[in-house]
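# Reading the structure
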Amino acid sequence: MLYIGSHVSYKKDTQLKGSLEEALSYGSNAFMFYTGAPQNTMRDEINDLLTVEAMNKMKMSNILLENVIVHAPYIVNLANKTDVTKYEFAQQFLRQEVDRCLTLGVKYIVLHPGSSVGQDRTYALNNIIDGLNNILLKEDNIMILLETMAGKGTELGINIDELKYILDRVELKDKVGVCLDTCHLNDSGIDLVNFDEYLDEFDKNIGIGKIKCVHVNDSMNPLSSHKDRHANIGYGTIGFDTLINVIYNERLDNIPKILETPYIDKEYPPYKFEIEMIRNKKFNENLIEDITNFYKGGE
Ligand code: FE
Ligand code: FE
Ligand code: ZN
């Protein structure tokens, strides 16, 4: 079964219910959101009434909780111990994020593993491991998904070895997994034309069952560019057919696929139209015009 959706907003006044409604408006049966602004750690209290309404609506629209993903803010850096106060804050924040997810009923949190920022790489990886071991509790019904990174700056988790290094050393193994990101894989040097070879290697080293989410993005930059700039589906260097092959790869069947592609003119969400293309398995060469017309026409 194809579970496809996008990153959606999460607003103070509508919370999970608003995120769900946005996702449904794109024709999604999966979605991902930040519990506040992605670039900061200010978070509002969760309104249980809105959560209950969201749960009822999810049931009615056949959206499974396993296909609802939270993305931790990308400024949380569990790898950085150069400032102990910040390191402790990162852990504290992530713990609160886990608690928020438990309150919302969300089972998966995507996390950028971190950046080494001048520290020794292995030392930095060990900081991530220690952080995760401090945060996670046996009773948590949650999984933190380490995202495969592009290798921009000093990012960690940029290949199977680094992810395996972390996963092998987290004590509560059932609470950690992986989120693939197609743009990041491309930019890190994985040619997605040979996606099955990558999956073979992943399976041999980590186990394919650890993959619980896939971020589907095209890339503005070539293979191995270490840039991390997302492009609309079929409008980047990876290309439509290759992305379709990733999305429909039977080894990742039932794993939620989440679009994080850029808005058109920074204004119009592309997701309804990209999801349509993906469901039809047919590239729309008028995508940009169609999106612009749809949202402008509605104004
Ligand atoms: Fe991410
Ligand atoms: Fe991503
Ligand atoms: Zn990215």
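Within any chain, residue numbers begin from 1 and follow the written order of that chain's sequence. Naming scheme: in the order in which they are written, chains are lettered from A and ligands are numbered from 1. Local features in this predicted model are restricted to residues of pLDDT 70 or higher, and side-chain atom pairs are both shown and tallied only at a pLDDT of 80 or more, whereas totals for entire chains, interfaces and linings draw on every residue. Heavy atoms from the whole structure form the basis of all side-chain values; hydrogens and water molecules are not counted.

### Concerning the packing of helix H9 (residues 271-280) against helix H10 (residues 287-297)
- Close contact between H9 and H10 brings their axes to 9 Å; oriented N to C, the two are set at 135 degrees. Taken together, the axis directions place H9 and H10 in an arrangement best described as oblique. Viewed along their axes, H9 and H10 form a crossing whose handedness is right-handed. Along its contact with H9, which presents Lys 272, Phe 273, Glu 274 and Met 277, the element H10 presents Leu 287, Asp 290, Ile 291 and Phe 294.
- Broken down by class, the residue content of the contact of H9 with H10 amounts to five nonpolar, no polar and three charged. Every axis in this analysis is a line fitted to C-alpha atoms, fitted for helices over the stretch in contact. Angles between the N-to-C directions lie between 0 and 180 degrees. Note on conventions: DSSP H or I runs of at least 4 residues are helices, E runs of at least 2 residues are strands, and numbering of each starts at the N terminus. The labels follow the angle: roughly parallel below 35 degrees, roughly antiparallel above 145, roughly perpendicular from 65 to 115, and oblique for the rest. Should the near helix be turned anticlockwise from the far one by less than a right angle, the crossing is left-handed, and should it be turned clockwise, the crossing is right-handed. Every residue pair with non-hydrogen atoms within 4.5 Å of one another is taken to be in contact. Lys, Arg, Asp and Glu make up the charged group, whereas Ala, Val, Leu, Ile, Met, Phe, Trp, Tyr, Cys and Pro make up the nonpolar group; the residues left over, Gly among them, are polar.

### A short note on the pairing of strand E4 (residues 108-111)
- For the exposure calls, accessible area comes from a 1.4 Å probe over protein chains only, and a residue counts as buried if that area is under 20% of its type's maximum, exposed if over 50%, partly exposed in between. Of the two faces of E4, the one lined by Tyr 108 and Val 110 and the one lined by Ile 109 and Leu 111 are each fully buried.
- In short, DSSP must find at least two bridges between two strands for them to pair. Pairing analysis gives three bridges linking strand E3 (residues 68-71) to E4, with the strands arranged parallel. Its bridge partner being in E4, His 71 is matched across the sheet by Val 110.
- Each parallel crossover has a hand, and the one from E3 via helix H3 (residues 84-104) to E4 is right-handed.
- Note that E4 and strand E5 (residues 143-147) share four bridges and pair parallel. For Tyr 108, the partnering residue across the bridge sits in E5 and is Met 143.
- As for the winding sense of the linkage, the β-α-β connection from E4 through helix H4 (residues 121-135) to E5 is right-handed. Every crossover in which the path from the first strand over the helix to the second runs clockwise, viewed with the strands pointing away from the viewer, is termed right-handed.

### Side note on the side chain of Asn 232
- Mapped onto the fold, Asn 232 is located in the loop between strand E9 (230-231) and helix H8 (240-247).
- Any pair of N or O atoms that falls within 3.5 Å is considered a polar contact. Within protein, one atom must be able to donate a hydrogen and the other to accept it, and sequence-neighbouring residues count only if both atoms are side-chain atoms. A distance of 3.1 Å separates a polar atom in the side chain of Asn 232 from the backbone oxygen of Pro 262.
- In contact with Asn 232, other than residues within four places in its own chain, are Asp 218, Thr 261, Pro 262, Ile 264, Pro 270, Glu 274 and Leu 287.

### Remarks on the coordination of the iron ion (ligand 1)
- Looking at the iron ion (ligand 1), the protein donor atoms are His 71 (NE2), His 112 (NE2) and Glu 147 (OE), and they sit 2.1 to 2.3 Å from it.
- Summarised as a motif, the one-chain spacing of the donors to the iron ion (ligand 1) is H-x40-H-x34-E.
- Note that water is not among the atoms used; donors are N, O and S atoms within 2.8 Å of the metal (3.2 Å for Na, K and Ca), so sites may look incomplete. Here the iron ion (ligand 1) and the iron ion (ligand 2) are spaced 3.1 Å apart, and both take Glu 147 as a donor. Taken as a pair, His 112 in the loop between E4 and H4 and Glu 147 in strand E5 lie far apart in primary sequence, 35 residues in all.

### Looking at the state of the cysteines
- When the sulfur atoms of two cysteines come within 2.5 Å, that pair is taken as a disulfide. Using the criterion set out here, one finds zero disulfides in the structure.
- With no disulfide partner, Cys 179 has as its closest neighbouring cysteine sulfur the one in Cys 213, 3.9 Å distant.

### Overview of H3
- Look at H3: 30 Å from first C-alpha to last across 21 residues, which is about the 30 Å you get at 1.5 Å a residue.
- Taken residue by residue, H3 has Tyr 87, Ala 90, Gln 91, Phe 93, Leu 94, Arg 95, Glu 97, Val 98, Arg 100, Cys 101 and Leu 104 as its buried positions.
- Between the side-chain oxygen of the N-cap and the backbone nitrogen of Thr 85 there are 3.0 Å, and the N-cap of H3 in question is Asp 83.
- Once H3 finishes, Gly 105 follows within two positions and takes phi at roughly 85 degrees, a positive value. An expected span of 1.5 Å times one less than the residue number is assigned to each helix.

### A word on the coordination of the zinc ion (ligand 3)
- Protein-derived ligands of the zinc ion (ligand 3) are His 184 (NE2), Asp 228 (OD) and His 230 (NE2), with the metal-ligand distances lying across 2.0 to 2.3 Å.
- Each donor residue of the zinc ion (ligand 3) belongs to the same chain, and together they define the spacing H-x43-D-x1-H.
- Between the zinc ion (ligand 3) and the iron ion (ligand 1) the interatomic distance comes to 5.2 Å. Considered together, Asp 228 and His 230 belong to a single accessibility category, that of buried residues.

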